[in-house]
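# Overview (structure and organization)
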Amino acid sequence: MKEKSSTETEIRELHIREIISGAINGKKSFAFWKKQGQPQLLGIVDLGEQPSTDKGDLEEASPGFAVSPFLNEGRKKNIKINADLVFAPTDNSSGFQVNPAVGVSNEQTDSFIRGTFEPLRPALLEAYFPATDMVAASQKGNFIDIVNKAKENIKAEVFNKVVPSRYTDVPYPPGWDFISAFEKLHQLYPNAFVYVFGIPGVGIWMGATPELLLSIVDGRWFKSVALAGTQRIPESGDLSQVAWTQKEIEEQALVCRYIINCFKKIRLREYEEKGPKSIKAGNMAHLKTEFYVDMEAVNFPQLGSVMLDLLHPTSAVCGMPLEPSLQFLKEFEGFDREFYTGYLGPVNMQGSTQLYVNLRSMKLLSNRARLFAGAGVTEDSIAEKEFEETDLKLQTLMCLF
Ligand SMILES: C=C(O[C@H]1C=CC=C(C(=O)O)[C@@H]1O)C(=O)O
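Residues numbered from 1 in each chain as written. Predicted model: local features only at pLDDT ≥ 70, side-chain atom pairs only at ≥ 80, totals over all residues.

## What to know about the environment of Pro174
Put simply, the rule is: The helix and strand labels rest on DSSP assignments: H or I over at least four residues marks a helix, E over at least two residues marks a strand, and numbering proceeds from the N terminus. Counts of 20 or more other C-beta atoms within 10 Å of a residue's own C-beta define buried residues, counts of 12 or fewer define exposed ones, and intermediate counts define partly exposed ones; C-beta atoms are placed from the backbone.
When you line up the elements, Pro174 lands in the loop between strand 9 (165-171) and helix 6 (178-188). On the neighbour-count criterion, Pro174 (5 C-beta atoms within 10 Å) is exposed. Once the C-alpha coordinates of Pro174 and Phe401 are considered, the two residues, 227 residues apart in sequence, prove to be 10.0 Å apart.

Okay, here's the thing in structure tokens:
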């Protein structure tokens, strides 16, 4: 038997480009991400033919990266990229060292490493793009119409808030490649959760989202946030200069109320609320309130999974109340959001689970990228301003082209 210390695995330090190319050349699923406020990336590759559909609870899940679409049918549509190979940064360079999970043989690891020697084969990249593509229909006029229709529904008290969205397609400039774009994204947004994932036949997505849906640290510390209200950051970059309007304060308060209602549904009163305060996300400021629960003190070990089902989709991306606003979006938005405004992130990796709302994100197609953005509409919304706000949000990724 081959000694572990003699594997190619342990002597090679890999660059992110080699790892992603190796995954694509081997038709494997992969994910790289960086937590909010942390500089270092972590990567995983799933050695299976197909990643698993993942309906399971967070608490028992094996380590990996969870991906949920906006419409997940009670988690039935969720996917999990298993952490068969974990790529952790080395101490003194920009390279990564591979750590195989328990049960992954040296042969499997070596075979993957050999694939990383090959440059990325573009024909194999095509296998990551879904066969069907949605119809391009996201014009400015459509968005203005849906905002005005939403306001009529708010006046008629069908709902209090809804978050319509749109997308825009950006053709790849000559020589553009997504791995370099991801490296740039990682450098640009230190405060965001920055990720790229690829699943054959499902797609390649990347983004820099400011919104945590929930996290669980050490099986004990639960956290969620209410993020809403958007303004362009002042020239000085000074957040204390941002003055919030009544409309924005109410819009964010509705997201807080939505989260508190979720706690009420499970009769949980022992949560700590901090905020709201202004935070920076790229060229924008948002209002953010944080909610904390000590799961041990409330004796609620399944809180993460229970809250996940109650929270998603929050009124930061769908509306309030949930049902009529969701119905409205299904009827009038005119396209499938797919993973945009779904959630994603590491599950049971290095002792914690962090699921983020998939905002400021884009999906790669063979010749262009599709960028998504939405805006919270309340009774005081002005359609033209909401459109401008989506433009501002789109700039988060537009600067990659
Ligand atoms: C729906 C998006 O943002 C949400 C999160 C923060 C602020 C928002 C707002 O001000 O409308 C949105 O609720 C998006 O970025 O596409």
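## A look at the site of the ligand
The condition is simple: By definition, a residue lies near a molecule or strand provided its backbone-derived C-beta atom is within 6 Å of it.
With respect to spatial proximity, 17 residues lie near the ligand, and among them Thr230, Ala316, Leu359, Gly374 and Gly376 are the closest. Listed by contribution, the elements that provide at least two residues to the shell around the ligand are strand 13 (221-232) and strand 20 (368-374). With four residues, strand 13 is the largest single contributor of residues to the shell around the ligand.

## So, the sheet that holds strand 7 (residues 96-100)
Note the following rule: Pairing between two strands requires that DSSP report at least two bridges joining them. Where helices are involved, their axes are fitted lines through C-alpha atoms of the stretch in contact, as for all axes, and angles between N-to-C directions lie from 0 to 180°.
Strand order across the open sheet formed by nine strands is 7-6-2-1-10-11-19-20-9, with antiparallel pairing between neighbours. What marks the edges here is a single partner per strand, and that holds for strand 7 and strand 9. Geometrically, the sheet is characterised by an average inter-axis angle of 15° between neighbouring strands, direction not taken into account. As defined by bridge partners, strand 11 (residues 203-209) adjoins strand 19 (residues 361-364) across three bridges and the pair is classed as antiparallel. By the bridge assignment for strand 19, Gly207 is matched with Ser361.

## Notes on the confidence of the model for the protein chain
Predicted coordinates in regions of low pLDDT should not be interpreted in detail. Selection rule: Values of pLDDT, the confidence the predictor places in each residue, fall between 0 and 100. The contact rule is simple: place each C-beta atom from the backbone, and if two of them lie within 7 Å, those residues are in contact.
On average, residues of the protein chain score 92 in pLDDT, and 95% of them reach the 70 mark or higher. When mean pLDDT is compared element by element in the protein chain, strand 17 (residues 343-347) scores highest at 98, while helix 1 (residues 8-11) scores lowest at 55. Every residue in residues 1-6 scores below 50 in pLDDT, and together they form four contacts with partners more than four places removed in sequence or on other chains.

## Side note on the UniProt feature "domain: Chorismate-utilising enzyme C-terminal" (unreviewed entry) in the protein chain
Definition in use: UniProt positions are given in the numbering used here, feature names are shortened, and annotations may be inferred rather than shown by experiment.
Per the UniProt entry, the sites bearing "domain: Chorismate-utilising enzyme C-terminal" (unreviewed entry) are residues 142-393 in this numbering. Helix makes up 30% of residues 142-393 and strand 34%, with an end-to-end C-alpha separation of 18 Å.

## Some thoughts on the pairing of strand 14 (residues 272-281)
Pairing of strand 14 with strand 15 (residues 284-294), which is carried by eight bridges, proceeds in the antiparallel orientation. Its bridge partner being in strand 15, Ala281 is matched across the sheet by Met284. Here strand 14 folds back onto strand 15 in antiparallel fashion, the turn holding two residues, of which Gly282 has a positive phi close to 65°.

## Digging into the sheet that holds strand 17
One open sheet holds the nine strands; their spatial order is 3-5-4-17-18-12-13-15-14, and the pairing between them is antiparallel. Strands at the two margins of the open sheet, each flanked by one partner only, are strand 3 (52-53) and strand 14. Judged from the two bridges that link them, strand 3 and strand 5 (residues 79-82) form a sheet pairing that is antiparallel. Counted as the bridge partner of Ser52 is Lys80 from strand 5. Relative to the sheet, helix 8 (residues 303-311) contacts strand 12 (212-217), strand 13, strand 15 and strand 18 (352-357), its axis offset from that of strand 12 by approximately 175°.

## Notes on the environment of Phe182
Here Phe182 is to be found in helix 6. Classification of Phe182 as buried rests on a count of 23 C-beta atoms within 10 Å. C-alpha of Phe182 to C-alpha of Asn99: the two residues are 83 residues apart in sequence and 22 Å apart in space. When residues no more than four places from it in sequence are discounted, the contact partners of Phe182 are Val196 and Met206.

## With respect to the domain arrangement of the protein chain
Selection criterion: Note: domain ranges come from an automatic or database domain assignment. Three residue categories are used. Nonpolar comprises Ala, Val, Leu, Ile, Met, Phe, Trp, Tyr, Cys and Pro, charged comprises Asp, Glu, Lys and Arg, and polar comprises the others, including Gly.
Domain assignment breaks the protein chain into domain 1 (4-128) and domain 2 (140-188 + 210-398). Facing 23 residues of domain 1, the contacting portion of domain 2 comprises 27 residues. Elements with a minimum of two residues in the side of domain 1 that touches domain 2: helix 2 (16-25), strand 1 (29-34) and strand 4 (64-68). With five residues, strand 4 is the single largest residue contributor to the side of domain 1 that touches domain 2. Here the side of domain 1 that touches domain 2 is built from residues that sort into 13 nonpolar, four polar and six charged.

## A few points about the packing of helix 5 (residues 140-155) against helix 10 (residues 383-398)
So the rule is basically this: An angle below 35 degrees is read as roughly parallel, one above 145 as roughly antiparallel, one from 65 to 115 as roughly perpendicular, and any other as oblique. In this scheme the handedness of a crossing depends on how the near helix is turned from the far one: anticlockwise by less than a right angle means left-handed, clockwise means right-handed.
Where helix 5 meets helix 10, the closest approach of the two axes is 9 Å, and the angle between their N-to-C directions is 125°. Judged by the angle between their axes, helix 5 and helix 10 are oblique. In the packing of helix 5 onto helix 10, the handedness of the crossing is right-handed. Note on element contacts: helix 10 touches helix 5 through Ala383, Glu386, Phe387 and Thr390, opposite Lys140, Phe143, Ile144, Val147 and Asn148. Split into classes, the residues belonging to the contact of helix 5 with helix 10 amount to five nonpolar, two polar and two charged.

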